[in-house]
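Residue strings, one per chain:
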Amino acid sequence: YGVKQALKHDFDYLIEIGSDDLLKNEVLNAYKWDSPVLGLMGFALINTENGSCKSIKTSIPKYGAGRAIKREICERFDLWEGGRSRGMDNSSCRILALNRVMQKGVKSEEPLAISLKSAENIWSYKGMPGTKYPLEKALNGLSEEEINAIQCLVAKNKSESLIGV
C-alpha cells in the first residue's frame, strides 16, 4: 500500500526504512545515485534493553535499512509480499534477486544506519553478528530528539528489568 501511495508523488528513489531503523543524514551524500538499487554495507545495532551496541560490516548489501530503490524498479516489481508485516528486508532482497536486479553496495567508514533491537525483533540483538561498538559513536550524527528517545527507551527497559515488569 505504501509504495502505491508513494508512486502518486514525484521521486527518483524510494529509501527503505524499517520501523526500528534510523538513518543518518550522511546517507544522502554517501550514495552516488547511479544504480537501480543502492544498499548500505555498514550498520550499528543498539540493544534497547541494555544500551549495548555493535557494528556489522557486510561484503554485500543484504539489509534493507537505507536501501534506495529507483522509481522504475518500484513501478516494475512488487517488492514486498502482500499480507506480510515482518521480514520485509529478506522479502525485497529475494524479489530483487529473482528479477536479476542487482544492488550496488555502498561502504562507509562509520555506520550510517542504526537498527534498534530487542528480544521482540525477528532478528534479536543477540542473534545478530557484529563486533562491539561504542554507543556514543553510533549516536553521533543523530538529532538530539533521536538520541534522547533512544536513551529514554534504554533507561525505561533497564528499570523495568530491575523491577521485574
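I will try to describe carefully the structure that is included in this document. Along every chain, residues carry numbers that run from 1 in the direction the sequence is written. Totals for whole chains, interfaces and linings use all residues, but because this is a predicted model, local features are given only for residues with pLDDT of at least 70 and pairs of side-chain atoms are given and counted only at 80 or more. Values shown for side chains rest on all heavy atoms present in the structure; no hydrogens or waters enter the calculation.

### Quick notes on the overall build of the chain
- Scanning the chain from N- to C-terminus turns up 6 helices and 9 strands.
- Throughout, the radius of gyration refers to the C-alpha atoms, and the reference size of a globule is 2.2 Å times the residue count to the power 0.38. Here the C-alpha atoms of the chain give a radius of gyration of 17 Å, agreeing with the 15 Å that 2.2 N^0.38 yields for 165 residues.
- C-alpha atoms of the chain, sized along the principal axes, occupy 50 × 35 × 30 Å.
- For every residue, the accessible area (1.4 Å probe, protein chains only) is compared with the maximum for its type, and the residue is labelled buried under 20%, exposed over 50%, or partly exposed between those bounds. Residues classed as buried in the chain amount to 43% of the 165 residues present.
- Contacts between residues were defined by any pair of non-hydrogen atoms, one from each residue, lying within 4.5 Å. By sequence separation, contacts in the chain at least 24 residues apart represent 73% of the contacts at least 6 residues apart.
- Residues counted as positive are Lys and Arg, residues counted as negative are Asp and Glu, and His and the chain ends are not counted. Note on charges: their place is set at NZ of Lys, CZ of Arg, CG of Asp or CD of Glu. Side-chain charges in the chain split into 23 positive and 21 negative, and the spacing between the mean points of these groups amounts to 6 Å. Helix and strand assignments come from DSSP, with helices taken as H or I runs of at least 4 residues and strands as E runs of at least 2, each series counted from the N terminus.

### Some points on the sheet that holds strand β5 (residues 53-57)
- Note on pairing: two strands pair once DSSP finds at least 2 bridges between them. Strand order across the open sheet formed by 5 strands is β2-β8-β4-β5-β9, with mixed pairing between neighbours. Two strands in the sheet have a free side with no partner beyond their single neighbour: β2 (21-23) and β9 (131-132).
- With 5 bridges connecting them, strand β4 (residues 42-47) and strand β8 (residues 113-117) associate as parallel partners. Across the sheet, the residue bridging to F43 is A113, located in β8.

### Details of the pattern of salt bridges
- Salt-bridge detection follows one rule: a side-chain nitrogen of Lys or Arg within 4 Å of a carboxyl oxygen of Asp or Glu. Evaluation of the coordinates by the stated rule reveals 5 salt bridges.
- Note that K117 is salt-bridged to D20, the shortest N-O span being 3.6 Å. Of this pair, K117 sits in strand β8 while D20 sits in the loop between β1 (13-15) and β2, and the two are 97 residues apart along the sequence. Exposure class is identical for K117 and D20. Each is buried.
- As a salt-bridge pair, K137 and E110 come within 3.4 Å of each other at their nearest N and O atoms. On the criterion of sequence distance, the pair formed by K137 in helix α5 (residues 135-139) and E110 in the loop between β7 (103-106) and β8 is long-range, its members being 27 residues apart.
- For K137, a relative accessible area of 40% puts it in the partly exposed group.

### Considering the packing of aromatic side chains
- To pair, rings of Phe, Tyr and Trp, with the six-membered ring standing in for Trp, must have centres within 6.5 Å; the planes then decide the type, stacked if under 30 degrees apart, edge-to-face if over 60, and tilted in the middle. Counting across every chain of the model gives 3 aromatic pairs.
- Relative to Y63, the ring of F43 has its centre 5.3 Å away and its plane inclined at 85 degrees; by these criteria the two rings are edge-to-face. Here F43 is found in strand β4, whereas its partner Y63 is found in the loop between β5 and β6 (68-70), with 20 residues between them in sequence. One exposure class covers both F43 and Y63, and it is buried.

### With respect to the state of the cysteines
- Throughout, a disulfide means two cysteine sulfur atoms within 2.5 Å of one another. Summed over the entire model, instances satisfying the criterion amount to 0 disulfides.
- Looking at the unpaired C74, the closest cysteine sulfur is the one in C93, lying at 14 Å.
- Judged by its relative accessible area of 17%, C93 is buried.

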